[in-house]
Amino acid sequence: MKIEYIYINGYKNLNDVEMYFDEGSSVNSIIGNNGSGKSNILEAIAIIFSNALENINNLDFRFCIKYSLDSQKIEISNINNLENKIEIKNNDKKILINE
């Protein structure tokens, strides 16, 4: 799995954080001053992937993650929804999940 794009809003000190990762690189790094949110980005990613499908109502921040897995492009997002719903896009297919 390779993360290509992350948007996080409302998690700890992360407000409107948007990051693009180089498609041609196999390694990426997050660099910043102490207290700038580097660890919070990793925490938010872990929370999204571990809870998104089972506990979507417990996520109180907005996010969008785009990643590739083998030849598939996948997007997980809750930013276009007013309710706590999650959209999963896999190439041209779209799934909407709501608990």
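Here, every reference points to the structure presented above.
Cut-off values and rules
Residues numbered from 1 in each chain as written. Predicted model: local features only at pLDDT ≥ 70, side-chain atom pairs only at ≥ 80, totals over all residues. Heavy atoms only, no water. Core = buried A, V, L, I, M, F, W, Y, C linked by side-chain atoms within 4.5 Å. Buried < 20%, exposed > 50% of the residue type's maximum accessible area, 1.4 Å probe, protein only. Helix = DSSP H or I, 4+ residues; strand = E, 2+ residues; numbered from the N terminus. Patch = residues over 30% accessible without salt bridge, like charges linked within 9 Å, V, L, I, M, F, W, Y side chains within 5 Å. Areas by Shrake-Rupley, 256 points an atom, 1.4 Å probe, with all protein chains shown as cover. Salt bridge = Lys/Arg side-chain N within 4 Å of Asp/Glu carboxyl O. Pairing = 2+ DSSP bridges. Expected span 1.5 Å × (residues − 1). Arc of directions from axis to C-beta. Contact = heavy atoms within 4.5 Å.

Trainee: Explain the nonpolar core to me, and be specific about the residues and the numbers.
Mentor: One finds I3, I8 and F61 to be the most contacted residues of the largest nonpolar core, which totals 20 residues. Every element with two or more residues in this core is listed here: β1 (2–9), β2 (17–20), α1 (38–51), β3 (62–69) and β4 (72–77). Tallying contributions element by element places α1 first for this core, with four residues.

Trainee: Quick rundown of a nonpolar patch on the surface? Include the residues and the values.
Mentor: Taken together, the side chains of M1, F49 and L69 make up a nonpolar region of the molecular surface, amounting to roughly 290 Å² of accessible area. Of note, F49 is situated in helix α1. The exposure class of F49 is partly exposed, given its relative accessible area of 33%.

Trainee: Describe the pairing of β1, naming the residues involved and giving the relevant values.
Mentor: Of all eight residues in β1, seven are buried, a share of seventy percent or more. Looking at chain direction, β1 and β3 are connected through seven bridges and run antiparallel. Paired with I8 across the two strands is F63, which belongs to β3. Pairing analysis gives four bridges linking β1 to β2, with the strands arranged antiparallel. Each residue of the ladder has a partner; that of I6, found in β2, is M19.

Trainee: Quick one: what's the story with the pairing of β4, residue by residue and with numbers?
Mentor: Here β3 runs beside β4; their pairing, made up of six bridges, is antiparallel. Bridging from a neighbouring strand, C64 pairs with S77 of β4.

Trainee: Give a description of α1 that names residues and reports values.
Mentor: Compared with the 20 Å implied by 1.5 Å per residue over 14 residues, the 20 Å span of α1 between its first and last C-alpha is a close match. Regarding α1, the residues found buried are N40, I41, A44, I45 and I48. Angular distribution of buried residues about the axis of α1 spans 140°; they occupy a single face of the element. With respect to the buried face of α1, the exposed residues turned more than 90 degrees away are L42 and S50. Buried residues in α1 make contact with β1, β2 and β3.

Trainee: Which residues make up the pattern of salt bridges, and what values go with them?
Mentor: Two side chains of opposite charge can pair, provided their charged atoms sit close to one another. Counted by the stated rule, this structure contains two salt bridges. A salt bridge links K73 to E4; its shortest N-O distance comes to 2.9 Å. Taken as a pair, K73 in strand β4 and E4 in strand β1 lie far apart in primary sequence, 69 residues in all. Here E4 falls in the buried class, since its relative accessible area comes to 16%. In this structure, K12 and E43 form a salt bridge, with 2.8 Å as the shortest nitrogen-oxygen distance.

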